[in-house]
Amino acid sequence: MAPDIDETPRINENAFALTQRLAAEKALKVANLYPTETLILGCDQLGELDGELLGKPKDHDQAVAMLKAQCHRTVTYYTSICLYNTSTQQKIVETET
């Protein structure tokens, strides 16, 4: 599923915090459809280059431009997952860099 949530970064929210928040929001949004005895996995990934968040490219041309800008530079990608248990309402959020 692709839950419809606002993925706009908050003021001063870094990539690590943003991916964690979005993974959790996605899991909780889907949990509304499956309220009992369900494990929901939400995830999000975002890149960061020189402190700038790298969003998803809107089209092929933008994707090519983004890849060219990253050439020979260090890009950090953050991947966060949130496991949400609808029975206990507990969530676990982990991030890999």
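Predicted model, so just to flag it, every value in this text is computed and none were measured. (Residues numbered from 1 in each chain as written. Predicted model: local features only at pLDDT ≥ 70, side-chain atom pairs only at ≥ 80, totals over all residues. Heavy atoms only, no water.)

Enquirer: Is there a simple way to think about the pattern of salt bridges in this case?
Expert: It is possible for side chains bearing opposite charge to pair when their charged atoms get close. All told, the structure shown has seven salt bridges when counted by the stated rule. Across the salt bridge formed by Glu25 and Arg10, the nearest N and O atoms sit 3.7 Å from each other. Taken together, the residues span a long stretch of sequence, with Glu25 in helix H1 (residues 15-31) and Arg10 in the segment before H1 at a distance of 15 residues. You can call Glu25 partly exposed: its relative accessible area is 25%. Across the pair Asp44 and Lys26 runs a salt bridge, and its minimum N-O distance is 2.7 Å. Here the residue Asp44 occupies a position in strand S1 (residues 39-49), and Lys26 occupies one in helix H1, the gap between them amounting to 18 residues. Each member of the pair Asp44 and Lys26 is classed as buried. Each of the salt bridges in this network shares a partner with another, and the network as a whole consists of Glu7, Lys26, Asp44 and Lys56. (Salt bridge = Lys/Arg side-chain N within 4 Å of Asp/Glu carboxyl O. Helix = DSSP H or I, 4+ residues; strand = E, 2+ residues; numbered from the N terminus. Buried < 20%, exposed > 50% of the residue type's maximum accessible area, 1.4 Å probe, protein only.)

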